[in-house]
Amino acid sequence: MRLQFTASKALPALLSLIACSSPAFARTARGPDEVAASVIEWLSDFQQDLQANRAETPQAIPHAEANGPSISLDQLADAASIEQRLRQLFEGNGPLRLTVPNGRAWMGDFGLGTGDTLRGNLLVLRGTAEIFGRLEGNIVALDGDIVVHRGASVSGDALALSGRVRDADRAIEGEIRSLSSASDASTVSTGGGTVFRRIAGLLGVFLILAAIGVGLVTFARPTLETVSDTVRHSLGRAFVTGLVAQMLVIPTFGMLVVGLALTVVGVLLIPFAVAAYLLLFLAAVVLGILAMSHAMGESYTRRRMALGVLVSPNSYRYVGVGLAAMLGLWGVWALFGWVPVAGTLVLGGAAMVTWVLGTVGFGASLLSRAGIRPDFAGRLVPPEALTDEYLWATPQMGVPAVKRPTPPPK
Amino acid sequence: MSWVESGRRGSKGVEARRAVINALRLASTLFVCASTLSAQTMREYTASRPYKGEQRMTVKLEFAAGELRLMPAAPGTLYRMESRYDSERYAPRSEYHDPTRELELGLKSEGKGGIRVTNSKQLDQQATVWLSPEVELGLALSLGASESRIDLGGLRLRDLQLEVGGSRTRLTFSRPGVGSCREAVVEVGAGELEVDRFANSGCSRLRLNGGVGLVSLDLGGQADGNLAAEVTMTMGRLTLKLPKGAGVRLTLDRFFASFSPAGFSRQGEQFVTPDYSTARRKIDLRVASSVGAVKVEWY
């Protein structure tokens, strides 16, 4: 128990210590996201320091065998690919052997003296290239700078990968390129910030839908209830209707526009028809989602009441509970969407469930004609099932029953 | 409820609270680690070439996404690009063919799904390009999902091609150019394009094909050469900003687009300013608009 307690505290404490000890934290970091960013920055600085201290012994890299590794420095346009290729070569085991066609490769610091001329391309790995003389070709440095001093000249291009090119006297005649290392460039932290953004976005969506739901319940409750009852009583039919309607939305829109364009007067109505169509579509979708939420909330509330829990059954509660349940899945995604594989699965699941619910709601909106027609809401009892028996039932309390009419005596 | 039951409930509550605290600790640890796992790498790429007396150059600039600035370079520089890009999805490009004097610059998509919409920092991808005003330029720009500010004022343009995808672009000619520009061709897909002081470009012809969106075209400037312009808008609003001193003849072909002919008098199928025949600078405009509005502003 004590061991668990110590371990559970040790890791956050260590991370906090690292974060707080970094200069970046002292400058900016305050929230959890900044703490994480400062940890990354500190670790990358530490790694760079290690690399800087691990100086390579300057030496020429021997040519590779006939089928050995080779890299051409004649074209330097795709700097990222050249860097990738060079780093792959470094990952190999054993001493590095590399062929540079029309050139040479060097490990560690390199210097070309005043008055010296080097013909061909030059590759310098993990070292600084100091040019005092004349280089007739291209020069590439990996994990090091290229410094061209006053009086020197480079007839070709210069490329510094994870380094800089310093050419005070404009002695490089070709193109000068530099690609910063991944750790030099700013690293955008997407973890904490993304979670906060997602939660904020989710809350925004919830509040907007809740506000529309409250408005619907207040001013058009019968309509909402009719669509909701259609969801509950005709679930499969509503889903199929919604599915078919989704497939027909765009063709119908095209037919509407073409149909109007073919008539003389209809052309003038196209902008209005387009706007009206889009609004109707959006209204049907939103009404469907809210009705779906209402149905879910109602089912849940009734089940709780059946278990003896005392709650107030009203449409506001139904809509609120349903929306919370629907957005709960997205809440899981907002919190844990960063987990590499599981995050994608949660996102896919949330999207799928939302699509199914939205399809059912959209279909119910259409089936009930936006809440006007309760045919599929399970409210209409077939006429043949109706009798007048209830008229003559004896009440349990209150008003006495009317006497059953009897035929007059003959 | 007896005190024994109450005590049991109390101990259960303490256990639950501990469990919640431990879960929060675990979540916070994972949260910190997650920031490391999902970090996105932005890299910086710089390319430049000194000016060595080149006379002309053809530039193809392709910019897939982000924020782009383009402006004249300082003396002694043929071109320069400073960029900051998402190395997981884009790759910088700079290639100069000396014999043909052709330059390719820009950020190209690596084909991994374009912009990562979950991260607003993605829009931090940016590039600034400088081009020499000493060289005659054939300029072809292709802009993707970007926000671009392009100032070609003072450049020696030979011709200009601008393709704009879904972006917001401001094309400015802040100073009169010194070249003899033959033609400018601008293609706008969906987005917003603002052309400012086009007369400074020195181009004698302009063809602008607008898709869906907003286009603002200012044909004024300090240069006084004549201009023939063809503007086509499929759907959207076209605002023509015309200098008061110029003589303008407008031929309008509209299907379902509103137009207010302020400042014009009608001559048959054309709208002409009163001083068209005597004006020192003449602008011949052919505008075709399908759905939307054509608005004229005089200044």
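Model, not experiment: these values are computed from the prediction.

1. Here's the deal with the overall build of chain A
Moving on, step 1. Helix and strand content of chain A: ten helices and 14 strands.
Moving on, step 2. Expressed as a percentage of the 410 residues in chain A, the buried residues total 30%.
Moving on, step 3. When contacts within chain A are restricted to residue pairs at least 6 apart in sequence, long-range pairs at least 24 apart make up 49% of them.

2. Topic: the overall build of chain B
Moving on, step 1. Regarding its fold elements, chain B presents one helix and 16 strands.
Moving on, step 2. A buried classification covers 39% of the 299 residues belonging to chain B.
Moving on, step 3. Residue pairs in contact within chain B that sit at least 24 positions apart in sequence constitute 60% of those at least 6 positions apart.

3. So, the sheet that holds strand E7 (residues 134-136) of chain A
Residues and elements named next belong to chain A.
Moving on, step 1. Spatially, the three strands line up as an open sheet ordered E4-E7-E10, and their pairing is parallel. Each edge of the open sheet carries a strand with a single partner, namely strand E4 (117-119) and strand E10 (153-154).
Moving on, step 2. Note: E7 against E10, two bridges, orientation parallel. From the neighbouring strand, Leu 135 faces E10, where its bridge partner is Val 154.

4. Regarding the confidence of the model for chain A
For residues with low pLDDT, the predicted coordinates do not support detailed interpretation.
All names here are of chain A.
Moving on, step 1. Of all residues in chain A, 77% have pLDDT values of 70 or greater, and the mean over the chain is 80.
Moving on, step 2. When mean pLDDT is taken per element in chain A, strand E11 (residues 158-161) scores highest with 95 and helix H2 (residues 23-27) scores lowest with 41.
Moving on, step 3. Confidence drops under pLDDT 50 across residues 1-30; counting only partners more than four residues distant or on other chains, this segment forms 30 contacts.
Moving on, step 4. Between residues 184-189, whose pLDDT stays under 50, and residues either more than four places distant or in other chains, the model counts 19 contacts.

5. Some remarks on helix H9 (residues 315-336) of chain A
Residues and elements named next belong to chain A.
Moving on, step 1. In a regular helix each residue adds 1.5 Å, so 22 residues correspond to 32 Å; H9 covers 32 Å between its end C-alpha atoms and thus fits that length.
Moving on, step 2. Maximal helix bending in H9 amounts to about 35 degrees, located at Gly 328.
Moving on, step 3. Listed as buried for H9 are Tyr 318, Val 319, Val 321, Gly 322, Leu 323, Met 326, Leu 327, Trp 330, Trp 333 and Ala 334.

6. Section: the pairing of strand E12 (residues 227-242) of chain B
Within a regular strand, side chains alternate between the sheet's two faces.
Moving on, step 1. Sheet analysis places strand E11 (residues 205-218) of chain B next to E12 of chain B, joined by 13 bridges and oriented parallel. Residue Val 215 of chain B lies in a different strand from E12 of chain B, and its bridge partner there is Leu 238 of chain B.

7. A word on the packing of helix H6 (residues 221-233) of chain A against helix H8 (residues 266-306) of chain A
The packing of two helices is summarised by the inter-axis angle and the distance between the axes.
All names here are of chain A.
Moving on, step 1. Between H6 and H8, the least distance of the axes is 8 Å, while the angle of their chain directions is 70 degrees. Taken as axis vectors, H6 and H8 run roughly perpendicular relative to one another. Along this stretch, H6 crosses H8, giving a crossing that reads as right-handed. Here Leu 224, Val 227, Ser 228, Val 231 and Arg 232 of H6 lie close against H8, whose contacting residues are Leu 287, Gly 288, Leu 290, Ala 291, Met 292, His 294, Ala 295 and Glu 298.

8. Overview of unusual backbone geometry
Moving on, step 1. A positive phi is found at Arg 369 of chain A, a non-glycine position, where the angle reads about 50 degrees.
Moving on, step 2. Mapped onto the elements of the fold, Arg 369 of chain A is located in the segment after helix H10 (342-367).
Moving on, step 3. A positive phi is found at Arg 101 of chain B, a non-glycine position, where the angle reads about 55 degrees.
Moving on, step 4. Looking at the secondary structure, you find Arg 101 of chain B in the loop between strand E4 (90-97) and strand E5 (102-109).

9. Let's talk about the nonpolar core
Moving on, step 1. If you look at the biggest cluster of nonpolar residues, it comprises 105 residues, and the most contacted ones within it are Leu 123, Ile 139, Val 140, Ala 141, Ile 146 and Ala 158 of chain A.
Moving on, step 2. The greatest single-element share of this core, amounting to eight residues, is contributed by strand E2 (residues 56-72) of chain B.
Moving on, step 3. Excluding residues that lie within four positions of it along the chain, Ile 139 of chain A makes contacts with Leu 122, Ala 129, Ile 146, Val 154 and Ala 158 of chain A.
Moving on, step 4. Formed by 33 residues, the second largest nonpolar core is a distinct cluster that contains Leu 224, Val 319, Met 326 and Trp 333 of chain A.

10. Describing the sheet that holds strand E12 (residues 165-167) of chain A
Residue and element names in this part refer to chain A.
Moving on, step 1. The four strands lie next to each other as E3-E6-E9-E12, forming an open sheet whose pairing is parallel. Single-partner strands in this sheet number two, and they are strand E3 (110-112) and E12. Direction aside, the axes of adjacent strands within the sheet are offset by 10 degrees on average.
Moving on, step 2. Bridge count for strand E6 (residues 129-131) against strand E9 (residues 146-148) is three bridges, and the pairing is parallel.

11. Focus on the environment of Thr 114 of chain A
Residues and elements named next belong to chain A.
Moving on, step 1. Tracing the backbone shows Thr 114 in the loop between E3 and E4.
Moving on, step 2. Sequence separation between Thr 114 and Phe 132 is 18 residues, and the spatial gap between their C-alpha atoms is 4.8 Å.
Moving on, step 3. Every residue in contact with Thr 114, bar those within four places of it in the chain, is listed here: Phe 132, Gly 133 and Gly 151.

12. Description of the pairing of E5 of chain B
Residue and element names in this part refer to chain B.
Moving on, step 1. Direction of pairing for E2 relative to E5: parallel, over a ladder of six bridges. What sits directly across from Lys 60, in E5, is Glu 104.
Moving on, step 2. The pairing of E4 with E5 spans eight bridges and is classified as antiparallel. Across the sheet, Glu 95 pairs through a bridge with Glu 104, a residue of E5.
Moving on, step 3. What sits between E4 and E5 in their antiparallel hairpin is a turn of four residues, with Arg 101 showing a positive phi close to 55 degrees.

What counts and what doesn't
Residues numbered from 1 in each chain as written. Chains lettered and ligands numbered in written order. Predicted model: local features only at pLDDT ≥ 70, side-chain atom pairs only at ≥ 80, totals over all residues. Helix = DSSP H or I, 4+ residues; strand = E, 2+ residues; numbered from the N terminus. Buried ≥ 20, exposed ≤ 12 C-beta atoms within 10 Å, placed from the backbone. Contact = placed C-beta atoms within 7 Å. Pairing = 2+ DSSP bridges. pLDDT = per-residue confidence, 0-100. Expected span 1.5 Å × (residues − 1). Bend = angle between axes of the 7 residues up to and from the residue. Axes fitted to C-alpha atoms, helices over the stretch in contact; angles between N-to-C directions. Parallel < 35°, antiparallel > 145°, perpendicular 65-115°, else oblique. Left-handed = near helix turned anticlockwise from the far one by under 90°. Core = buried A, V, L, I, M, F, W, Y, C linked by C-beta atoms within 7 Å.

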